[in-house]
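Structure at a glance
So the chains spell out like this:
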Amino acid sequence: MRPERAFFDLQVRFANAAARIANVPPATALLDWTNLYVRFGAGRAFDPAHPVWAAYIHGLVAQATVEEQCAWTWHYLQRCPTHRAAPDIVAAFGCFSYAHDPHGGLRLHFIARVENGVSPLDLRHSRARRSELRRLIQHVYEHESIGAEFDVRGTSWLYHLPAYRRLFPDAYLASAKPVARLRALSLWGQFLDRHGALRVSQAEVLLARLERLERLVHIDDIAQCFPSPALAVRAPIHLFHEYFRE
């Protein structure tokens with residue numbers, strides 16, 4: 001899925017508004033509170049001196065208006081190594097894949113692959129999604145060193161959706177905690193539909209809430225403007241193994 005321009009315009013507009021409220025330069029807000037650094041393929045170190053990011057900001061400051069900044073952002077994106085934006089995946093099974101988590105265990109990822117024009121989370125595809133998760137867990141048991149502390153971890157706004165939640169063990173869902181991951185697609189992804197188009201109504205909610213902020217006291221004030229906060233979840237892998245044997 002390749003996001004359309006409106007998704008990037010939203011982030012530029014959001015960053016400019018947030019920068020005014022927080023009294024920080026727009027470049028700071030773009031780095032800390034948007035997904036652009038990752039989408040440009042600059043990695044996840046969020047180093048403002050990275051050549052890809054530094055060149056973007058150099059061009060951005062020459063733009064006089066927010067509209068021109070949006071146009072520059074889209075233009076710049078076309079020449080970026082955007083293929084590097086994807087996480088380092090170990091193995092993939094349909095819509096699900098996993099990577100090694102730096103804290104141990106695995107990190108679960110989900111890609112909304114459209115099937116005959118139908119959402120991958122449609123009830124008609126529940127059995128297929130569960131099968132993919134089952135195969136993923138089995139693969140991990142066969143190819144990874146499973147210790148007592150080996151957890152399945154995930155972070156996404158998707159854990160608010162009943163259609164997504166029904167795929168997972170209760171104990172995994174019960175661990176959910178909101179996290180302010182303002183740089184991650186696990187938060188910004190709520191503004192994209194499965195075709196990469198902007199969810200306009202959701203975007204309007206975000207900008208309206210931000211507009212109502214008079215001043216920024218804490219980063220959580222920014223995070224709470226999002227319609228659905230990202231939720232971090234985790235559970236021992238053996239619970240998944242037991243869940244899919246039932």
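Here is what the cut-offs are and how they apply
- Residues numbered from 1 in each chain as written.
- Predicted model: local features only at pLDDT ≥ 70, side-chain atom pairs only at ≥ 80, totals over all residues.
- Heavy atoms only, no water.
- pLDDT = per-residue confidence, 0-100.
- Helix = DSSP H or I, 4+ residues; strand = E, 2+ residues; numbered from the N terminus.
- Pairing = 2+ DSSP bridges.
- Axes fitted to C-alpha atoms, helices over the stretch in contact; angles between N-to-C directions.
- Contact = heavy atoms within 4.5 Å.
- Buried < 20%, exposed > 50% of the residue type's maximum accessible area, 1.4 Å probe, protein only.
- Left-handed = near helix turned anticlockwise from the far one by under 90°.
- Nonpolar A, V, L, I, M, F, W, Y, C, P; charged D, E, K, R; others polar.
- Right-handed = clockwise from strand over helix to strand, strands pointing away.
- Arc of directions from axis to C-beta.

Overall, the predicted model of the protein chain reaches an average pLDDT of 93, with 99% of residues at or above 70. When the elements of the protein chain are averaged for pLDDT, helix α11 (residues 219-223) gives the smallest value, 84, and helix α5 (residues 66-77) the largest, 98.

Moving on, we come to the sheet that holds strand β3 (residues 106-110). Pairing is mixed across the open sheet formed by six strands, whose spatial order is β1-β2-β3-β4-β6-β5. Of all the strands in the sheet, just β1 (91-93) and β5 (177-179) have a single pairing partner and so form its edges. Sheet twist, expressed as the average angle between the axes of neighbouring strands with direction ignored, equals 30°. Summarising the sheet, β5 and strand β6 (residues 230-236) pair through three bridges and their orientation is antiparallel. The residue bridging Lys177 from the neighbouring strand is Ala232, located in β6. Packing against the sheet, helix α6 (residues 126-143) makes contact with β1, β2 (96-100), β3 and β4 (151-156), and its axis sits at approximately 30° to β2.

Before going further, it helps to examine unusual backbone geometry. Although it is not a glycine, Asn23 sits at a positive phi angle of roughly 60°. Looking at the secondary structure, you find Asn23 in the loop between α1 (5-22) and α2 (26-33). The phi torsion at Phe46 lies on the positive side, around 55°, for a residue other than glycine. In this structure, Phe46 sits in the loop between α3 (36-39) and α4 (51-60). Note on Phe46: relative accessible area 15%, which makes it buried.

Turning to the packing of α4 against α5, a few remarks are in order. Helix-helix packing: each pair is described by the crossing angle between the helix axes and the interaxial distance. At a closest axis distance of 10 Å, the pairing of α4 and α5 adopts a crossing angle of 150°. The hand of the α4/α5 crossing is right-handed. Here α4 contributes Pro51, Val52, Ala55, Tyr56, Gly59 and Leu60 to the contact with α5, which in turn contributes Gln69, Trp72, Thr73 and Tyr76. When its residues are assigned to classes, the contact of α4 with α5 shows seven nonpolar, three polar and no charged.

Let us now look at the pairing of β3. Taken across its five residues, β3 has four buried, putting it largely inside the fold. Bridging between β2 and β3 involves five bridges; their strand directions are antiparallel. The residue bridging Tyr98 from the neighbouring strand is Leu108, located in β3. With antiparallel pairing between neighbouring strands as the criterion, β2 and β3 make up a hairpin whose turn holds five residues, including Gly104 at a positive phi of roughly 105°. As judged from the two bridges shared by β3 and β4, these two strands associate in the parallel manner. By the bridge assignment for β4, Leu106 is matched with Val152. In this fold, β3 hands off to α6, which returns the chain to β4; that crossover is right-handed.

Now for α4. Count 3.6 residues to each turn of an α-helix, and residues three or four apart come out pointing the same way. Every buried residue of α4 is accounted for by Val52, Trp53, Tyr56, Ile57, Gly59 and Leu60. End-on, the buried residues of α4 take up no more than an arc of 160°, which puts them together on one face. Exposed side chains of α4 directed beyond 90 degrees from the buried face belong to Pro51 and His58. Those residues of α4 hidden inside the fold are in contact with α1, α2, α3 and α5.

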